[in-house]
Amino acid sequence: MAGYMELPTKGGFDFGLCRRNESLAEKKGLKIPGFLKTGTTIVGLVFKDGVVLGADTRATEGPIVADKNCEKIHFMAPNIYCCGAGTAADTEAVTDMVSSQLQLHRYATGRESRVVTALSLLKSHLFKYQGHVSAALVLGGVDYTGPHLHTVYPHGSTDTLPFATMGSGSLAAMSVFESKYKEGLTREEGIDLVAQAISAGVFNDLGSGSNVDVCVITKGKTEYLRNHLLPNPRTYVSSKGYSFTKGQTEVLYTKITQLKPKVDVAEGGDAMEE
Amino acid sequence: MASDTGASYGSTLRYKSVERIKAVGKHSLIGASGEFSDFQEILRYLDELTLSDHMWDDGNSLGPKEIHSYLTRVMYNRRNKFDPLWNSLVLGGVKKGPKGEEKYLGMVNMIGTHFEENHIATGFGNHLAIPILRAEWHEDMTFEEAVKLVEKCLLVLLYRDRSSINKFQIAKITTEGATIYPPYSLKTYWGFAHFENPAQGAVGSW
């Protein structure tokens, strides 16, 4: 192939196979596999001394609950946490990646990570992939410049807000925030409001459910309250337990097969090579 | 019952003083969202219905349950003919029955789904107002408490629904009759410190 020049990769997705995929779908009737989205309620709010993040714990695969108690609040840095909604694989991968980048940056600078650093890394990555990395995040943390709360959308745009919600249950949670948020909340009020907002999502949105996780970040201290609320306990469990006595099930016939080997092993022969 | 008084034409706010709640007969209120011309048609049907009911002159008048049932039939039959009336209707009323004063609140939508509940919302209200109502509604609220709760929901809808406007009407129905109050506005708050300078943590960022 004379005259063919190898172009360097520019990053982002390579859309070269799109035309081939289209023709396959048209002519051969090939069904392209769909994406699996998670239904979620994630929230964050700024209170007097820092930031409180909250999330539900249900991961769905279409109409089925795949994980009853998953973790949606991801670690970014000791003072920065990120809640993720959208495609679970995308939120995990992108937060892990940026978390590693932040760690390397901390080694290089010798300083605590700043929330805007995480924000810029996330938004430039998501913009490069033009929204195909379906991660909608609520990023919060406390650094040298104070408490910060941001939302990041799959296409790469960000907002800086005093309170934020994302995911399918975001409207239910936002209705709680819009009616009850005020500035200068104490730690207890903040946690209570976040728990109320996530509960609104858990009970009013089908894509969110199970338990409430809360993460409180203040200057110098982070508390990850896993399963802070368990409002959906398992009911109807037999308190007596289950015991199956012999004779409860009728035995029709018994056949015992010995599992001893039926092959004679010849003594001697070649020893196994070392 | 409360609604805002705006009617849009696509993304244009065409009419700003539209009354979307009307009294029906002596015992009911009807509120609608969706296509306004279809609502006007429904009001005509209800006019005919209440008129022929009045002509019976039998001392009995149609209560909210009966009107709800009538509307359900109308909406469902239109949907079956693939020619729906594009509305979500809220029907509320009080009528003195054999067991005393019977309060009623229900809704019908364009495909004929209908149910009765203690709190109803249409459109975006289903996502933003119902969570608040489910958490904070309780039996035997006074009129003032009910107005405050409804205003809480209206304010959230004003902030978060792009098609709402800051001009609302409240309507009340009791055994004494229907009262539709004049329109008024709610106070909004935009003074959060974080709204003032969002880029202060990183000057020059976007």
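Residues numbered from 1 in each chain as written. Chains lettered and ligands numbered in written order. Predicted model: local features only at pLDDT ≥ 70, side-chain atom pairs only at ≥ 80, totals over all residues. Heavy atoms only, no water.

For the rest of this paragraph, the subject is the pairing of strand β5 (residues 28-34) of chain B. Residue and element names in this part refer to chain B. Where burial is concerned, most of β5 is hidden: 6 out of the 7 residues are buried. Alignment of strand β4 (residues 21-24) against β5, held across 4 bridges, turns out to be antiparallel. For Ala23, the partnering residue across the bridge sits in β5 and is Leu29. Following β4, the chain reverses through 3 residues before pairing antiparallel with β5; Gly25 in that reversal takes a positive phi of roughly 60°. Here β5 runs beside strand β6 (residues 87-97); their pairing, made up of 7 bridges, is antiparallel. Each bridged residue has a counterpart across the sheet, and for Gly34 the counterpart in β6 is Asn87. (Buried < 20%, exposed > 50% of the residue type's maximum accessible area, 1.4 Å probe, protein only. Helix = DSSP H or I, 4+ residues; strand = E, 2+ residues; numbered from the N terminus. Pairing = 2+ DSSP bridges.)

Time to look at the pattern of salt bridges. Residue and element names in this part refer to chain A. Per the counting criterion, the structure on display carries 15 salt bridges over all chains. Between Arg226 and Glu71 there is a salt bridge, and its shortest N-O distance comes to 3.8 Å. Of the two residues, Arg226 sits in strand β12 (residues 221-229) while Glu71 sits in the loop between β4 (64-67) and β5 (73-77), which places them 155 residues apart along the sequence. Taking the relative accessible area as the measure of exposure, Glu71 reaches 43% and is therefore partly exposed. Close ionic contact of Lys221 with Glu223 constitutes a salt bridge, the shortest N to O distance being 3.6 Å. One connected set of salt bridges, linked through shared partners, spans Arg187, Glu188, Lys221 and Glu223. (Salt bridge = Lys/Arg side-chain N within 4 Å of Asp/Glu carboxyl O.)

Attention now moves to helix α5 (residues 143-160) of chain B. Under the 1.5 Å per step criterion, the end-to-end length of α5(B) is 26 Å for 18 residues, consistent within 8% with the ideal 26 Å. Every buried residue of α5(B) is listed here: Val147(B), Leu149(B), Cys153(B), Leu154(B), Val156(B), Leu157(B), Leu158(B) and Tyr159(B). For α5(B), the elements touching its buried residues are α4 (170-180) of chain A together with β1 (2-4), α3 (125-128), α4 (130-136) and β9 (168-174) of chain B. (Expected span 1.5 Å × (residues − 1). Contact = heavy atoms within 4.5 Å.)

As a further point, take the sheet that holds strand β7 (residues 135-143) of chain A. Residue and element names in this part refer to chain A. One open sheet holds the 5 strands; their spatial order is β5-β6-β7-β8-β9, and the pairing between them is antiparallel. For this open sheet the edge positions go to β5 and β9 (158-160), each flanked by a neighbour on one side alone. With strand direction ignored, the average angle separating the axes of adjacent strands in the sheet is 25°. On the sheet, helix α2 (residues 88-109) packs against β5, β6 (80-86) and β7 and is oriented at approximately 20° with respect to β5. On top of the sheet, helix α3 (residues 115-128) reaches β5, β6, β7, β8 (146-152) and β9; it is set at about 165° to β7, its chief contact. (Axes fitted to C-alpha atoms, helices over the stretch in contact; angles between N-to-C directions.)

Take the sheet that holds strand β10 (residues 177-180) of chain B next. Residue and element names in this part refer to chain B. Read from one edge of the open sheet, 3 strands run β1-β9-β10, paired in antiparallel fashion. A strand with exactly one partner marks an edge of an open sheet, and here the two such strands are β1 and β10. Across the sheet, the axes of successive neighbouring strands diverge by a mean angle of 15°, strand direction being ignored. Where α5 meets the sheet, its contacts fall on β1 and β9, and the angle it forms with β9 comes to roughly 150°.

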